[in-house]
Amino acid sequence: MHIQLLYFDGCPSHTAALERLHRVLAELGLDLPVQVIAVETDAAAQQWQFLGSPTIRINGHDIDALPAATPYALACRAYRHPDGRITPLPSIDLIRTALQHALELSHLRAAEGSPDGPIDGSLVSGDTISGN
Amino acid sequence: MALTLGTLAPDFALLGVDGQQHALADFADAAVLVVIFSCNHCPYVQAWEDRMIALQAAYAPRGVQFVAINANDAVKYPADNFDAMCERAARKQFNFPYLHDTTQEVARTYGAQRTPEVFVFDHARTLAYHGAIDDNYDDPAAVSVPYLRQALDALLAGSCPEPAQTAPVGCTIKWRS
């Protein structure tokens, strides 16, 4: 499973989002690296198809669906609590649901004999890639 | 760098979503003036917005006036353009003026860096509190220190806010390049 957290330094919530991600990974017993990517320029936002900070992707899939018209930009990202309130942080439940879904897909594919996509183990939490 | 405590409120004259120009002198009757650098698109603003509205409603009878100013570059962030401001103010039924700082000069003069970022001025219009609205953007029920409410209570009681300064938490203001 390939997990990425993309962030823009102008939004302070990415540290808390990474903590939540690690917490859920530990809860689920998953010892997996997280590729942490700093998106630093408008060009990088386009290149990474960055919908705002923080963004979490599992096997390339965003954990939260956004309207197709959402622009790529160096901006903070809005999530919703179950009661509809806006928050700059993805909820524990949202992260857990996405990871569980990816796990189920991975098991299904393993049963069918096909891999679930590239696994990049060369980067771990705390690594930063300049998004230029 | 943001205004230092004790500084007189810099003047402004900005267009509001009501179609009127609003200047600092228009709020001369307010016992306390709360200037909040805000915007439409930032999720931190959206998370705190209902609390801003509730605080204005609660403190208006005691002479507290809120003013929100959006200085974001509306070219790169169209969700923050004037039409969108009008739409948001109407939808959320803002009970305070929402002004557009198109040149960003007011935000620069105040030294604002984030949205939301609060500047509270006392009756003499000197800066008495600067910083965040409270200490929990994510959950209003989990706020342990309601900084802005405390500052308003202190000023209305004739004393100084404590703390008088906190770190503003939110999106960076989107400056024009």
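Shown above is the structure to which this text applies.
The sections below set out a description of the structure shown in this document. Everything numeric here is computed off the predicted structure, so don't read it as measured data. (Residues numbered from 1 in each chain as written. Chains lettered and ligands numbered in written order. Predicted model: local features only at pLDDT ≥ 70, side-chain atom pairs only at ≥ 80, totals over all residues. Heavy atoms only, no water.)

Another point: the interface of chain B and chain A. Across the contact, 17 residues belong to chain B and 19 residues belong to chain A. Both sides together, the interface formed by chain B and chain A hides about 1,300 Å², and carbon and sulfur atoms give 54% of it. It is B:Pro43, B:Tyr44 and B:Asp138 in chain B that bury the most area against chain A; as a group they hold 39% of the surface buried on that side. Where chain B touches chain A, the interface holds 2 salt bridges. A:Asp42 serves as the salt-bridge partner of B:Lys76, at 2.9 Å between the closest nitrogen and oxygen. Counting across the chain B and chain A interface gives 9 residue pairs in polar contact (both at pLDDT 80 or more). Among the secondary structure elements, those contributing two or more residues to the side of chain B that touches chain A are α1 (43–59) and β9 (171–172) of chain B. By residue number, the principal contributor to the side of chain B that touches chain A is α1(B), which donates 4 residues. When its residues are assigned to classes, the side of chain B that touches chain A shows 8 nonpolar, 4 polar and 5 charged. (Contact = heavy atoms within 4.5 Å. Buried area = accessible area lost by both parts, 1.4 Å probe. Salt bridge = Lys/Arg side-chain N within 4 Å of Asp/Glu carboxyl O. Polar contact = N/O pair within 3.5 Å; in protein donor to acceptor, adjacent residues only side chain to side chain. Helix = DSSP H or I, 4+ residues; strand = E, 2+ residues; numbered from the N terminus. Nonpolar A, V, L, I, M, F, W, Y, C, P; charged D, E, K, R; others polar.)

This part is about the side chain of B:Asp138. With respect to the secondary-structure elements, B:Asp138 resides in the loop between β8 (127–131) and α4 (147–156). Here A:Arg20 takes part through its side chain, which lies 3.3 Å from a polar atom of the side chain of B:Asp138.

Take the environment of A:Arg77 next. Position of A:Arg77 among the secondary structure elements: in the loop between β4 (61–62) and β5 (79–80). Residue A:Arg77 is classed as buried on the basis of its relative accessible area of 1%. Along the sequence, A:Arg77 and A:Ser13 sit 64 residues apart, while their C-alpha atoms lie 9.5 Å from each other. Contact partners of A:Arg77, with chain neighbours within four places excluded, come to A:Leu51, A:Gly52, A:Ser53, A:Pro54, A:Thr55, A:Asp62, A:Asp64, A:Leu66, A:Thr87, A:Pro88 and B:Pro43. Here A:Asp62 takes part through its side chain, which lies 2.9 Å from a polar atom of the side chain of A:Arg77. (Buried < 20%, exposed > 50% of the residue type's maximum accessible area, 1.4 Å probe, protein only.)

The next subject is the environment of B:Gln20. All names here are of chain B. Relative to the assigned elements, Gln20 resides in the loop between β1 (13–16) and β2 (21–23). Classification of Gln20 by relative accessible area gives partly exposed; the value is 48%. The sequence separation of Gln20 and Asn40 amounts to 20 residues, and the corresponding C-alpha distance is 19 Å. Setting aside residues no more than four positions away along its own chain, Gln20 makes contact with Leu14 and Leu15.

Moving on: the pairing of strand β4 (residues 64–70) of chain B. Residue and element names in this part refer to chain B. Most of β4 is tucked away: 6 of the 7 residues are buried. As defined by bridge partners, strand β3 (residues 32–38) adjoins β4 across 7 bridges and the pair is classed as parallel. Bridge pairing links Leu33 to Gln65 in β4. Read as a crossover between parallel neighbours, the route from β3 over α1 to β4 is right-handed. Direction of pairing for β4 relative to strand β5 (residues 98–100): parallel, over a ladder of 3 bridges. Pairing of Asn70 across the sheet is with His100, part of β5. (Pairing = 2+ DSSP bridges. Right-handed = clockwise from strand over helix to strand, strands pointing away.)

Take the state of the cysteines next. Covalent bonding between the sulfur atoms of two cysteines is what defines a disulfide. Within the structure shown, the criterion is met by 2 disulfides over all chains. A sulfur-sulfur separation of 1.9 Å characterises the disulfide bridge that pairs A:Cys11 with A:Cys76. Taking the torsion about the sulfur-sulfur bond, which here is approximately -105 degrees, the covalent link between A:Cys11 and A:Cys76 counts as left-handed. With A:Cys11 in the loop between β1 (3–7) and α1 (14–27) and A:Cys76 in the loop between β4 and β5, this residue pair connects regions lying 65 residues apart in the sequence. Comparing A:Cys11 with A:Cys76, the two get one shared label, buried. Each sulfur of the disulfide joining B:Cys42 and B:Cys171 lies 2.0 Å from the other. Between B:Cys42 and B:Cys171 the sulfur-sulfur dihedral comes to about 90 degrees; the bridge is accordingly right-handed. Highlighted residues: B:Cys42 in the loop between β3 and α1 and B:Cys171 in strand β9, separated in sequence by 129 residues. Classification of B:Cys42 by relative accessible area gives buried; the value is 0%. (Disulfide = S-S within 2.5 Å.)

The quantities given are spatial measurements derived from coordinates; they are silent on function.
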